[in-house]
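As a plain string of letters, each chain reads:
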Amino acid sequence: MADTTTEKIPFWLDPKKRAILFQIGVFCLVALLAYYLVSNTLTNLKRQHIATGWGFLHKESAFEIGESMIPYSSANTYARALLVGALNTVKVSFIGIVLSVFFGTLIGVARLSSNWLVSKLAGIFIEVMQDIPVLLQLFFWYAIFYETFPSPRQALHPMAGLYLCNRGVAMAFLSPHPAHKYMLLAFLAALVLSYAVYRWARQRQARKGLPFPVFWTSLALIIGLPLAVWLAFGAPMQMDVPKLVGFNFKGGISFSPEFIALLLGLVLYTSAFVAEVVRAGIQSVGKGQTEAAKAIGLKQGQILNLVILPQALRVIIPPLTSQMLNLTKNSSLAVAIGFPDFVSVANTTINQTGQSIEGVALIMAVYLIFSLSTSVFMNWYNKRAALVER
Amino acid sequence: MKMTKLCVLALAAVFMLSTVALAGTLQDVRAKGFIQAGVNGGVFGFSMPDKKGVWKGLDVDTARAIAAAVFGDASKVKYVALTAVQRLPALQSGEIDVLCRNTTQTLTRDTVNGLNFAHVNFYDGQGFLVPKKLGVKSAKELDGATVCVLPGTTTELNAADFFRSHGMKWKPVVIENTSELNKAFFAGRCDVLTSDSSQLAAQRSVSPNPANYVLLPEIISKEPLAPVVRHGDDQWYDVVNWTVMALIQAEELGITSKNVDQMLKSKDPRIKRFLGVTPGLGKALGLDNKWAYNIVKQVGNYGEIFDRNVGPKTKLGLQRGLNALWTKGGLMYAAPFR
């Protein structure tokens, strides 16, 4: 029996085991607290006879929603009403993000322009938009809409097929035609083809060093293919023109003042921040980089594409992601101007059913899902951008 | 902003539900020295701060009457302006002691929402307000109309039911803030504003051109508006309930804020009991014997409150209608004070 020479250390003196012990302790505490909160809430709700649980989701909502991307009426369930709200939030956030990134980049680049006027104008835009609270901007745009535009019967009619009034904007739109389905297919095919061309061009360049005009080829594909299909169907130009029927315009596509005001407010506000992010990104790339690129004979476009952007994007993407998340979250201010976004519908649901805890939990969960999925996508993109590092 | 408020309320609900019912609301209110009343932020005649920032209105006076009953001082009320969406969570979570905010009594609110409704302080019904130039004569001609409506109200549901039952299409515009909603309507964002008809009259009276708007003849719902308290506190419920009844009873007995001191000498046993000259009723409620005297002295009887805030001589110019005493063909009827 040869005893080990090392003395047996009691577990409370072993830092590793102790750390684990502490972790378990903290976990138990948190779990206990959570249990206490949940059970306490449930008992009290029960004592006051306030309904709990998710059963209300299957009940008839009995309220109407102003705009919806899917068929909805007050005879549908709360679950469907909430889905309508969530889709409206997705709609305004998605369009808002795309427009904000587009305009933000444009203004950010304009801010760096060597043209004094352009740069100053961009600067003023950024300062003004950044400094006015977004809620105020929403009220402003909404009020502009209903205070200045005439009623539907006297709608402004600046060009054929376009009507502006205090009920929103109604526009002529292509009437549905079987060609559209095939045009969409052609568009998707063009996207796939463009990607294939891009892969092929890269490989060829790596092997032989020959450049290939990928951008122009892709552009030609993406525009050309659907156009070809459209022509093949005899170029159907049947337009669905909005007409004043009863109280409002019918036909074409229309956007409500609430939607336009919300989109405008969010996009102008966020694009000011995006512009600053873009400017910071571009300025973070040393001047020597541009000079070196010029010295080895790269063209202006190549300098931007191959030298500046890959480095600038690394700086731009993380704060840009946070701006996208901000826009999504700010879209909940829609409540103030009556756009039926998720919060608005959830608030009404809470009020009609009295189940605030479930409702607020739903609101939190939905925004968490939106934010996390944006983050996941942008992190993936960030990784790709970061890999360019050599 | 609104969302944060709601989140806070929900969290508050979690923490406060435990404390709410432990001590009675009456004791809580006495301890803190004032009543926290949830009111509407902007309905002229019901609850709205005047130019000096003093809250005025029928609902405000109801809250003041409760304070007069509890403290003998009608000014001991703190008002919390709540939107329709915020009001019920605020009451459930214990942020306010009583809700006097033109809230319609419904079965769901009375049961699964965990609330109790006191005696009705205003009988209302839902109507439609339209601009005259629209040329609409009846609510049944509103197919395809855009309708401004407050979210989280019974009116929102009634409107949906009304249009559905008549097979008509409509487009709601729902804005949570009452004054924002009205601004949108009077600027022409909607063809129709729908709400309780007393409120429509109120909004019209403060609009830029009241003469350009007309109320349609249809009244599509019953809206008994009443003060609300939480489930599970019977004593507080009794105080609020009997305060409203005291307002009505005072009118029935002919006691007004002006003659209440002479009425103390009255020989009528009903008046003696009511004003606490013959003690007993106040004690039964957990209040002092002067409670009803204080209500009438400081706030007035129901008729005075009605006339002062919404009656024919005000900008609203409402008739008593359903809100007249039962002896005059109305529905205002207080249970016996004995």
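Visitor: Which parts of the structure should I look at to understand the overall build of chain A?
Guide: Scanning chain A from N- to C-terminus turns up twelve helices and eight strands. Its C-alpha atoms give chain A a radius of gyration of 28 Å, clearly above 21 Å, the size a compact globule of 390 residues would have. For the C-alpha atoms alone, the extent of chain A along its principal axes is close to 95 × 70 × 45 Å. Per-residue burial for chain A yields a buried fraction of 31% across its 390 residues. A separation of at least 24 residues holds for 67% of the contacts in chain A among residues at least 6 apart in sequence.

Visitor: Looking at this model, I keep getting lost on the overall build of chain B. Mind explaining?
Guide: Within chain B one finds 14 helices and 14 strands. Against the globule reference of 20 Å for 338 residues, chain B gives a C-alpha radius of gyration of 20 Å, in line with a compact fold. C-alpha extents for chain B along the principal axes are approximately 60 × 45 × 40 Å. Residues classed as buried in chain B amount to 54% of the 338 residues present. Counting only contacts in chain B whose residues sit at least 6 apart along the sequence, the fraction spanning at least 24 positions is 74%.

Visitor: Would you take a moment to explain the interface of chain B and chain A for this structure?
Guide: Interface size is often expressed as the accessible area that is lost when the parts come together. If you look at the interface, chain B gives 47 residues, while chain A gives 43 residues. When residues of the side of chain B that touches chain A are traced back to their parent elements, those giving at least two are α1 (2–20), α4 (84–92), β9 (145–149), α6 (154–165) and β10 (170–174) of chain B. Of all the elements, α1(B) adds the most residues to the side of chain B that touches chain A, at ten residues. In terms of residue class, the side of chain B that touches chain A is built from 26 nonpolar, twelve polar and nine charged.

Visitor: Could you clarify how one ought to interpret the environment of Phe163(B) in this entry?
Guide: Residues and elements named next belong to chain B. In this structure, Phe163 sits in helix α6. Distance from Phe163 to Gly254, taken between C-alpha atoms, is 44 Å for residues 91 residues apart in sequence. Non-local contacts of Phe163, meaning those with residues more than four positions away in its chain, are made with Met168 and Trp170.

Visitor: Could you clarify how one ought to interpret the sheet that holds strand β11 (residues 192–196) of chain B in this entry?
Guide: In any sheet, the strands associate via hydrogen bonds between backbone groups, in a parallel or an antiparallel arrangement. All names here are of chain B. Pairing within the open sheet is mixed, and its five strands lie in the order β10-β9-β11-β8-β12. One side of each edge strand has no neighbouring strand; the edge strands of this open sheet are β10 and β12 (213–215). Each adjacent strand pair in this sheet contributes to an overall mean axis angle of 30°, direction not counted. Both β9 and β10 contribute to a ladder of five bridges, which runs parallel. In the sheet register, Cys148 faces β10, and the bridge partner there is Val173.

Visitor: Honestly, the packing of helix α3 (residues 58–71) of chain B against helix α13 (residues 291–298) of chain B in this entry has me stumped. Any pointers?
Guide: Helix packing for two helices is described by the angle between their axes and how far apart those axes are. All names here are of chain B. Orientation of α3 relative to α13, taken along the N-to-C sense of each, is 140°, at an axis distance of 8 Å. It follows from the interaxial angle that α3 and α13 lie oblique. With respect to the hand of their crossing, α3 and α13 are arranged in right-handed fashion. Where α3 abuts α13, its residues Ala65, Ala68 and Ala69 lie against Trp291, Asn294, Ile295 and Gln298. The residue makeup of the contact of α3 with α13, split by class, is five nonpolar, two polar and no charged.

Visitor: Is there a simple way to think about the nonpolar core in this case?
Guide: Most often, soluble globular proteins have nonpolar side chains that are buried together. In this structure, Leu262(A), Ala63(B), Ile66(B), Val98(B), Cys148(B), Val192(B) and Ile295(B) are the most contacted members of the largest nonpolar core, which totals 172 residues. By residue number, the principal contributor to this core is helix α7 (residues 257–284) of chain A, which donates 14 residues. Aside from chain neighbours lying at most four places away, what touches Val98(B) is Ile35(B), Ala37(B), Ala63(B), Ile66(B), Pro227(B), Val229(B) and Val240(B).

Visitor: Sorry if this is basic, but what is going on with unusual backbone geometry here?
Guide: At Ala62(A), a residue that is not glycine, the phi angle is positive and equals roughly 65°. Within the secondary structure layout, Ala62(A) lies in the loop between α1 (15–47) and α2 (78–111). Residues other than glycine seldom take positive phi values, yet Asn102(B) does so here, at roughly 20°. One can find Asn102(B) in the loop between β5 (98–99) and α5 (107–110). The class for Asn102(B) is buried, based on 27 C-beta atoms found within 10 Å.

Visitor: What should I look at first to understand the domain arrangement of chain A in this one?
Guide: Domains assigned within chain A are domain 1 (78–175 + 238–387) and domain 2 (184–235). A C-alpha centroid distance of 29 Å is found between domain 1 of chain A and domain 2 of chain A.

Visitor: Quick question: what am I supposed to make of the pairing of strand β2 (residues 162–165) of chain A here?
Guide: Consecutive side chains of a regular strand alternate in pointing toward one face of the sheet and then the other. Residue and element names in this part refer to chain A. Alternating residues of β2 divide into Tyr163 and Cys165, all buried, and Leu162 and Leu164, none buried. The pairing of strand β1 (residues 156–159) with β2 spans two bridges and is antiparallel. Following the sheet pairing, Leu156 is matched in β2 by Leu164. The antiparallel hairpin formed by β1 and β2 contains two residues in its connecting segment, where Gly161 sits at a positive phi of about 80°. Strand direction decides the pairing type here: β2 and strand β3 (residues 168–171), joined by four bridges, are antiparallel. Note that in β3 the partner of Cys165 across the bridge is Gly168. Here β2 hands over to β3 after two residues, the two strands then running antiparallel side by side.

Visitor: I keep staring at the domain arrangement of chain B and nothing clicks. Help me out?
Guide: Residues and elements named next belong to chain B. Per the domain assignment, the segments of chain B are domain 1 (2–123 + 225–328) and domain 2 (126–221). With centres defined by C-alpha atoms, the gap from domain 1 to domain 2 works out at 28 Å. If you look at the interface, domain 1 gives 19 residues, while domain 2 gives 16 residues. A per-class count over the side of domain 1 that touches domain 2 returns nine nonpolar, eight polar and two charged.

Visitor: Could you clarify how one ought to interpret helix α6 (residues 214–232) of chain A in this entry?
Guide: A turn of α-helix holds 3.6 residues, and therefore any two residues three or four places apart point the same way. Residues and elements named next belong to chain A. Helix length check: α6 (19 residues) gives 26 Å between terminal C-alpha atoms against 27 Å at 1.5 Å per residue, within 8%. A maximum bend of about 25° is found in α6 at Gly224, where proline Pro226 lies one to four positions downstream. Inspection of α6 places Leu221, Leu225 and Pro226 among the buried residues, and these make up the whole buried set. Within two residues after α6, Gly234 carries a phi angle of roughly 85°, on the positive side.

About the cut-offs
Residues numbered from 1 in each chain as written. Chains lettered and ligands numbered in written order. Predicted model: local features only at pLDDT ≥ 70, side-chain atom pairs only at ≥ 80, totals over all residues. Helix = DSSP H or I, 4+ residues; strand = E, 2+ residues; numbered from the N terminus. Rg over C-alpha atoms; globule rule 2.2 N^0.38 Å. Buried ≥ 20, exposed ≤ 12 C-beta atoms within 10 Å, placed from the backbone. Contact = placed C-beta atoms within 7 Å. Nonpolar A, V, L, I, M, F, W, Y, C, P; charged D, E, K, R; others polar. Pairing = 2+ DSSP bridges. Axes fitted to C-alpha atoms, helices over the stretch in contact; angles between N-to-C directions. Parallel < 35°, antiparallel > 145°, perpendicular 65-115°, else oblique. Left-handed = near helix turned anticlockwise from the far one by under 90°. Core = buried A, V, L, I, M, F, W, Y, C linked by C-beta atoms within 7 Å. Domains from an automatic or database assignment. Expected span 1.5 Å × (residues − 1). Bend = angle between axes of the 7 residues up to and from the residue.

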